Amino acid sequence: MVTSGSGPAQQVRAVVEPVVLAAGLHLEDVAVSRAGRRSVVRVTLDLPDDAVGSLDSDTLAEVSRDVSAALDARDPVHGEYVLEVSTPGTSRPLTEPRHFRRARTRLVRLALRDGRTLEGRLLAVAEDDVLELDTGTGAVHVPVADVARGTIELDFRGIEADDDLGTEAEEG
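Residues numbered from 1 in each chain as written. Predicted model: local features only at pLDDT ≥ 70, side-chain atom pairs only at ≥ 80, totals over all residues. Heavy atoms only, no water.

Before going further, it helps to spend a moment on the overall build of the protein chain. A tally of helices and strands in the protein chain yields four helices and eight strands. Here the protein chain, with 172 residues, has 33% of them falling under the buried criterion. With an accessible surface of roughly 10,200 Å², the protein chain has 50% of that area assigned to carbon and sulfur atoms. (Helix = DSSP H or I, 4+ residues; strand = E, 2+ residues; numbered from the N terminus. Buried < 20%, exposed > 50% of the residue type's maximum accessible area, 1.4 Å probe, protein only. Areas by Shrake-Rupley, 256 points an atom, 1.4 Å probe, with all protein chains shown as cover.)

Set out below in structure tokens:
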């Protein structure tokens, strides 16, 4: 999601984006809302498109401190505010090609515009925004434009498979 306009969210974005980019991260979203007498500033960060995995809590805490310092120095939010810095998490809907790139190697569920549903491991996203999905019965290629809704699924089978491999390695 891209924050636009000249309101408080855009002013916050202008202050925090250089800090986030310097940390090698992607600024996913900035939102500013009122909560009683103070504002809530929500900054959502993610790893760059080419990264696989999740943003670790130590990095998130470090960048959060840097974002807070930049906001204190430039003061784009009038009055008291609460700063919340987080990641999109696995529950975020996959709505943009970038979201699918970040979900590589994950188990995903896709609701297609033609009414079908596909579930499988997302192997790749081609430059022309075509998804390669391993459904367990073979590879399926789906243009992002054909996806009405995509989500990351919790993958307990993957965890169990990894545990089984570790046990075999110890015994063997």
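In this section: the packing of helix H1 (residues 8-22) against helix H2 (residues 57-74). Taken N-terminus to C-terminus, the directions of H1 and H2 make an angle of 140°; their axes are 9 Å apart at the nearest point. Classified by the angle their axes make, H1 and H2 are oblique. Considering how the two elements wind past one another, H1 and H2 form a crossing that is right-handed. Only Asp66, Val67, Ala70, Leu71 and Arg74 of H2 make contact with H1, whose side of the interface consists of Val12, Val15, Val16, Val19 and Val20. (Axes fitted to C-alpha atoms, helices over the stretch in contact; angles between N-to-C directions. Parallel < 35°, antiparallel > 145°, perpendicular 65-115°, else oblique. Left-handed = near helix turned anticlockwise from the far one by under 90°. Contact = heavy atoms within 4.5 Å.)

What follows deals with the pairing of strand S3 (residues 81-86). When a strand is regular, its side chains alternate between the sheet's two faces. Of the strand pairs in this sheet, strand S2 (residues 38-46) and S3 are connected by six bridges, and their pairing is parallel. Bridge pairing in S3 links Val40 to Val82. The handedness of the S2 to S3 crossover, carried by H2, is right-handed. (Pairing = 2+ DSSP bridges. Right-handed = clockwise from strand over helix to strand, strands pointing away.)

Glancing now at H2. The end-to-end C-alpha distance of H2, which contains 18 residues, comes to 26 Å, matching closely the 26 Å that a straight helix rising 1.5 Å per residue would cover. When H2 is considered as a whole, its buried residues turn out to be Leu60, Val63, Val67, Ala70 and Leu71. End-on, the buried residues of H2 take up no more than an arc of 95°, which puts them together on one face. Residues of H2 that are exposed and point over 90 degrees away from its buried face: Asp58, Arg65, Asp72 and Ala73. Buried residues in H2 make contact with H1, S2 and S3. Among the residues of H2, the N-terminal cap falls to Asp56, whose side-chain oxygen and the backbone nitrogen of Asp58 are separated by 3.2 Å. (Expected span 1.5 Å × (residues − 1). Arc of directions from axis to C-beta. Polar contact = N/O pair within 3.5 Å; in protein donor to acceptor, adjacent residues only side chain to side chain.)

The next thing to look at is the nonpolar core. Val12, Val16, Leu25, Leu27, Leu45 and Val67 are the most contacted members of the largest nonpolar core, which totals 22 residues. For this core, the elements supplying multiple residues, two or more each, are H1, strand S1 (26-35), S2 and H2. The leading source of residues in this core is H1, at six residues. Other than its neighbours up to four places away in sequence, Val12 contacts Val30, Val32, Val41, Leu71, Pro76 and Val77. Of all hydrophobic cores here, the second largest spans 15 residues; its members include Phe100, Leu112, Val142 and Ile152. (Core = buried A, V, L, I, M, F, W, Y, C linked by side-chain atoms within 4.5 Å.)

This paragraph deals with the side chain of Arg102. Locating Arg102 in the fold gives a position in helix H3 (residues 97-102). With a relative accessible area of 7%, Arg102 lands in the buried category.

Here we come to the confidence of the model for the protein chain. The predicted model of the protein chain has a mean per-residue pLDDT of 87, with 87% of residues at 70 or higher. Long-range and interchain partners of residues 159-172, a stretch whose pLDDT sits below 50, account for zero contacts in this model, where long-range means more than four residues apart. (pLDDT = per-residue confidence, 0-100.)

Across a sheet, strands are paired by hydrogen bonds formed along the backbone, either parallel or antiparallel in direction. One open sheet holds the five strands; their spatial order is S7-S6-S5-S4-S8, and the pairing between them is antiparallel. The sheet is open, and its two edges are formed by strand S7 (139-143) and strand S8 (147-152), each paired on a single side. Looking at each pair of strands side by side, their axes are set apart by 45° on average, direction ignored. Bridging between strand S6 (residues 130-134) and S7 involves five bridges; their strand directions are antiparallel. When the bridges of S7 are listed, Val130 appears paired with Pro143.

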